[in-house]
Amino acid sequence: MTTLVPSLVTASLPPLDRQVLELIAEGHRDPEVAARLGLGTVTRVRSRLDQIARHFGLEAAVRPQLVHHGYACGAVPPPPLLHPLLLDADAFDLVRTLAAGKTLTAYARQRGTASHQAAYLLEKTSARLGATTRPSLIRHAWQRQILGPRPFAADLAALHANRPRPPETGRWLIVPLLSGYRLAAPATRHSPTRHLDIADREEALVAARFLADREGYAPLWITQPTQPGRPYRVSWGRRTAAAQPRHGFAAEPLQGPDHRRSA
């Protein structure tokens, strides 16, 4: 998600500016922010936001982008993580568009849809995430690991890059691991082989057990690294020549009753 942040100019903000941005991210309106921080008027809140944008090296104080940028560069502590949430491709693109500082109109134009349809999608996505404002939508997206540096967010972005059809999206699985969550997609005609790269062998086995015997996730196999520091790869689907171990991987058959359908 670093591509959404044009330049990380700084990793700090003055305390008052940080408090303003945190309250905006939580969904508070300008009058409430002004009252809580003793700023007097909403004009001073907006002036602070302009100052934050200049501090970040951004061209304008677009609030969703300020929140995303603040989290990404460490200027504002990220919100506590919640269980990850899957969004369909349209909603995911909308969240990323707002986080990049673009408008709802720009999203509608980019997707070739009507403005009222984009507004309805924003309303529906905000309700699903529990957000009350556009900046708070970004905060909730970080909480649900839709945005941010977590592996789940990277998996989600990679899978949405292929623009899957909705029925296929519904078969994606959230894989729970001790180190966090990963996202796995079933093998399909268009993507006959899928995989997850996982640093730890035990966690790779946990992921394999979770995926075993599910439709679209068989046959299932693990390849282990032949060099230190490389990840284990949990793969499923068609085992073609392109899916054979390479670039430092060697085949490791799955074993045990939990892997009845492994290759």
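Structure shown above.
Residues numbered from 1 in each chain as written. Predicted model: local features only at pLDDT ≥ 70, side-chain atom pairs only at ≥ 80, totals over all residues. Heavy atoms only, no water.

### Structural notes on the overall build of the chain
Reasoning step 1: Scanning the chain from N- to C-terminus turns up 11 helices and 6 strands.
Reasoning step 2: Scored against the burial criterion, the 263 residues of the chain give a buried share of 47%.
Reasoning step 3: Across the chain, the fraction of contacts at a sequence separation of at least 24, relative to all contacts at a separation of at least 6, is 63%.
Reasoning step 4: As displayed, the chain has an accessible area near 13,200 Å², and 51% of this comes from carbon and sulfur atoms. (Helix = DSSP H or I, 4+ residues; strand = E, 2+ residues; numbered from the N terminus. Buried < 20%, exposed > 50% of the residue type's maximum accessible area, 1.4 Å probe, protein only. Contact = heavy atoms within 4.5 Å. Areas by Shrake-Rupley, 256 points an atom, 1.4 Å probe, with all protein chains shown as cover.)

### Let's talk about the environment of R44
Reasoning step 1: Its place among the elements puts R44 in helix α3 (residues 42-56).
Reasoning step 2: Relative accessible area serves as the criterion here: at 45%, R44 is assigned to the partly exposed category.
Reasoning step 3: Between the C-alpha atom of R44 and that of D30, which follows or precedes it by 14 residues, the distance is 9.3 Å.
Reasoning step 4: Other than its neighbours up to four places away in sequence, R44 contacts G38 and L39.

### Comments concerning the side chain of H28
Reasoning step 1: With respect to the helices, strands and loops of the structure, H28 is situated in the loop between α1 (15-25) and α2 (30-37).
Reasoning step 2: Residue H28 is classed as buried on the basis of its relative accessible area of 16%.
Reasoning step 3: When residues no more than four places from it in sequence are discounted, the contact partners of H28 are L23, V33 and R36.

### Some points on the pattern of salt bridges
Reasoning step 1: Under the defined criterion, the tally for this structure stands at 9 salt bridges.
Reasoning step 2: With a shortest N-O distance of 2.6 Å, R63 and D30 are connected by a salt bridge. Note that R63 is positioned in helix α4 (residues 63-72) and D30 in helix α2, a separation of 33 residues in sequence.
Reasoning step 3: Classification of D30 by relative accessible area gives buried; the value is 8%. (Salt bridge = Lys/Arg side-chain N within 4 Å of Asp/Glu carboxyl O.)

### Structural notes on the packing of aromatic side chains
Reasoning step 1: Evaluated as defined, the whole model comprises 2 aromatic pairs.
Reasoning step 2: Look at Y71 and W142: their rings are 5.3 Å apart centre to centre, the planes differ by 55°, and that puts the pair in the tilted class. Taken together, the residues span a long stretch of sequence, with Y71 in helix α4 and W142 in helix α8 (residues 134-143) at a distance of 71 residues.
Reasoning step 3: Using a relative accessible area of 6% as the deciding quantity, one classes Y71 as buried.
Reasoning step 4: Judged by centre distance (5.5 Å) and plane angle (40°), the rings of Y217 and W236 are tilted. (Phe/Tyr/Trp six-rings, centres within 6.5 Å; stacked < 30°, edge-to-face > 60°.)

### Side note on the packing of α1 against α3
Reasoning step 1: Between α1 and α3, whose axes approach to 10 Å, the crossing angle comes to 105°. The pairing of α1 with α3 is recorded here as roughly perpendicular in orientation. Taken together, the residues of α3 that come into contact with α1 (itself represented by L16, D17, V20, L21 and I24) are V45, R48, L49, Q51, I52 and F56.
Reasoning step 2: Of the residues in the contact of α1 with α3, the class split is 8 nonpolar, 1 polar and 2 charged. (Axes fitted to C-alpha atoms, helices over the stretch in contact; angles between N-to-C directions. Parallel < 35°, antiparallel > 145°, perpendicular 65-115°, else oblique. Nonpolar A, V, L, I, M, F, W, Y, C, P; charged D, E, K, R; others polar.)

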